[in-house]
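# Examination of the molecular architecture
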Amino acid sequence: MLIHLIAAARPNFMKIAPLYHALKKEPWAQPVIVHTGQHYDLNMSDVFFQDLGLPEPEIHLGVGSGSHAEQAGQVMMAYENILLESRPGLVIVVGDVNSTMACTIAAVKIPEDRAQKSKNNKTGRPIVAHLEAGLRSYDRTMPEEINRLVTDTLADILWTPSPDGDKNLMQEGVARTKIQRVGNIMIDSLEMLRDTIEKQNVCSELNLNAGDYGLVTLHRPSNVDDPQILKRLCKELVGIAKQVPLVFPIHPRTRKNIENLELMVDLEKDKQLIISEPLNYIKFMNLVFNCRFALTDSGGIQEETTYLGIPCLTLRPNTERPITIDQGTNKLCDLDNLAENVREALTQKKSDVPRIEFWDGRTAERVVKSIKSLLS
Ligand code: UD1
């Protein structure tokens, strides 16, 4: 079975890697990585392929940046041609980026091919499966929420990471038979590379002590695209760095906006505020393992810190990953209460959080089992 694994942006790569490796071991499976090109910088894409032991993508759509409609439209046009040429039996999309939604739409609308019809596939088009299905922030101003809703509405198989995902989908009227809880695939990557991650010593390279710094990542349009908000945010970071050193690997979107506002000098002035380029997976995870707390607006970091029992402050009004809050590691905050929340996080210790079912490094195994049962 020809299986396309759709990879597009940084947070996708650690989700397809464990699956690619697991499928490669199966004699019946022919996994092929399709990179849409949404992220294209060396340090936003290639370095992740190296760290995660992935080969160069066999298919690269080379789409790049653009407005939401432009980016999604170009991915759909380019991927439609690939689908017609190669007719995969299964398309696996992950996460919630524009390419996730665009490839799903392209695949489910491909004209029927009689030869592709079988007992297990009555559609005559590729089966589409969404890994990390069912997450909802219930905030439709978030582009990712739209991507999640469209993808889950159209996909044939919905692999969820946690019980809230199952519940959300059932509330939306999705048939129970489409939903399968497989767990959190990112934990597979973390566990696959744990030894290598633990051997790194990134904090000492940065003159920091393990357990004595905050790790910052910010890239959401709602935090970094509005000049007033971004100015305030930078001021807050300078203030926090007076209490505790901060490491801030900057996303290209955030860097561009900070540079346009000429705020970089203020940030770089502060010795306790270490700005870096985006880091590769292994180095970044080493910083996560050893940080005292994370301050982020990313989805994945909320989950990784929860798994590791590290306090996380999420600078957002909501999260599509409420389980991280229920576990007690993650807290939503805003610019008004950020400083106070950081003070509180500094009093917290790394906790032994109760394990979440199926966040165990074996999600890829369960996905492979699910595909096998689809075939049999
Ligand atoms: C995208 C995803 C977001 C995910 C994030 C992780 C959507 C709607 N958003 O946001 O869910 O959390 O990736 O990073 O799909 N750029 C570069 N080099 C790159 C990539 C981007 O310079 O390799 C710059 C470009 O100027 C681009 C901007 O960053 O316009 C934004 O990139 P884009 O892929 O549109 O969205 P992200 O903000 O990265």
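Just above sits the structure.
Presented here is a report on the structure given in the accompanying data block. (Residues numbered from 1 in each chain as written. Predicted model: local features only at pLDDT ≥ 70, side-chain atom pairs only at ≥ 80, totals over all residues. Heavy atoms only, no water.)

Time to look at the site of the ligand. Surveying the vicinity of the ligand reveals 19 residues, the closest of which are H39, N98, E144, R253 and K256. A distance of 2.8 Å separates an oxygen atom of the ligand from a polar atom in the backbone of N98. Within the contact set of the ligand, an oxygen atom lies 2.8 Å away from a side-chain nitrogen or oxygen of H219. Out of a free accessible area of 740 Å², the ligand has 89% covered by protein chains. Residue assignment for the shell around the ligand shows that the elements contributing at least two residues are α3 (68–86), α5 (143–154) and α12 (252–260). It is α12 that contributes the most residues to the shell around the ligand, three residues altogether. Looking at the shell around the ligand residue by residue, the class counts come to six nonpolar, eight polar and five charged. (Near = heavy atom within 4 Å. Polar contact = N/O pair within 3.5 Å; in protein donor to acceptor, adjacent residues only side chain to side chain. Areas by Shrake-Rupley, 256 points an atom, 1.4 Å probe, with all protein chains shown as cover. Helix = DSSP H or I, 4+ residues; strand = E, 2+ residues; numbered from the N terminus. Nonpolar A, V, L, I, M, F, W, Y, C, P; charged D, E, K, R; others polar.)

We now examine the nonpolar core. Counting 62 residues, the largest nonpolar core has L52, I92, W159 and Y281 as its most contacted members. Here this core gathers at least three residues from each of two domains, domain 1 (2–183 + 359–375) and domain 2 (201–347). Residues contacting W159, with those up to four places away along its chain left out, are I92, A129, H130, L131, E132, A133, Q180, V182, V367, S370 and I371. Grouped together as the second largest cluster of nonpolar side chains are 30 residues, L237, I250, L295 and L346 included. (Core = buried A, V, L, I, M, F, W, Y, C linked by side-chain atoms within 4.5 Å. Buried < 20%, exposed > 50% of the residue type's maximum accessible area, 1.4 Å probe, protein only. Domains from an automatic or database assignment. Contact = heavy atoms within 4.5 Å.)

Turning to the pairing of strand β10 (residues 273–276), a few remarks are in order. Where burial is concerned, the two faces of β10 agree: the one with L273 and I275 and the one with I274 and S276 are both buried. Note that strand β9 (residues 246–249) and β10 share four bridges and pair parallel. Along β10, the bridge assignment pairs V247 with I274. (Pairing = 2+ DSSP bridges.)

Moving on: empty space enclosed by the protein. Tallied over the entire structure, the rule returns two cavities of 30 Å³ or more. In this model, the largest cavity occupies a volume close to 50 Å³. Taken together, T306, Y307, Q327, V353, P354, R355, I356 and W359 form the lining of the largest cavity. Here the residues of the lining of the largest cavity sort into five nonpolar, two polar and one charged. (1 Å grid on protein atoms, 1.4 Å probe; cavity = no way out; pocket = protein on both sides within 12 Å on 5 of 7 lines; lining within 4 Å. Points joined across faces, edges and corners; volume = space filled by probe spheres on them.)

Their axes nearest at 9 Å, the elements helix α1 (residues 10–24) and helix α18 (residues 363–375) cross at an angle of 55°. Here α1 lies oblique to α18, going by the angle between them. The handedness of the crossing between α1 and α18 is right-handed. Counting all contacts with α1, which are made through P18, L19, A22 and L23, the residues of α18 involved are A364, V367, V368 and I371. (Axes fitted to C-alpha atoms, helices over the stretch in contact; angles between N-to-C directions. Parallel < 35°, antiparallel > 145°, perpendicular 65-115°, else oblique. Left-handed = near helix turned anticlockwise from the far one by under 90°.)

Attention now goes to the sheet that holds strand β12 (residues 312–314). Sheets are built from strands that pair by backbone hydrogen bonding, the pairs being arranged parallel or antiparallel. If you trace the six strands from one edge of the open sheet to the other, you get β10-β9-β8-β11-β12-β13, paired in parallel fashion. Because the sheet does not close on itself, it has two edges, and the strands there are β10 and β13 (330–332). With strand direction ignored, the average angle separating the axes of adjacent strands in the sheet is 20°. Across the sheet, helix α14 (residues 281–290) is in contact with β8 (214–217) and β9; its angle to β8 comes to roughly 135°.

A separate point is the packing of aromatic side chains. As enumerated under the stated definition, the model contains two aromatic pairs in all. Ring plane angle 45° and centroid distance 6.2 Å describe the contact between F13 and F48, whose orientation is recorded as tilted. Here the residue F13 occupies a position in helix α1, and F48 occupies one in helix α2 (residues 46–51), the gap between them amounting to 35 residues. Just as F13 is buried, F48 falls in that class too. Members of the aromatic cluster, each reached through a chain of ring pairs, are F13, F48 and F49. (Phe/Tyr/Trp six-rings, centres within 6.5 Å; stacked < 30°, edge-to-face > 60°.)

Attention now moves to the layout of surface pockets. Its boundaries defined by the atoms lining it, the largest pocket holds a volume of some 1200 Å³. In terms of lining, the largest pocket is formed by 49 residues, of which the most central are P11, H39, M44, H219 and H251. When contributions to the lining of the largest pocket are tallied by element, the ones reaching two or more residues are α1, α3, α5, α12, α14 and α15 (299–308). Of all the elements, α1 adds the most residues to the lining of the largest pocket, at five residues. A breakdown of the residues in the lining of the largest pocket according to their chemical character gives 18 nonpolar, 19 polar and twelve charged. Counting contributing residues per domain, the lining of the largest pocket is built from domain 1 (2–183 + 359–375) and domain 2 (201–347), each supplying no fewer than three.

Remember that the coordinates give geometry; whether it matters functionally is a separate question.
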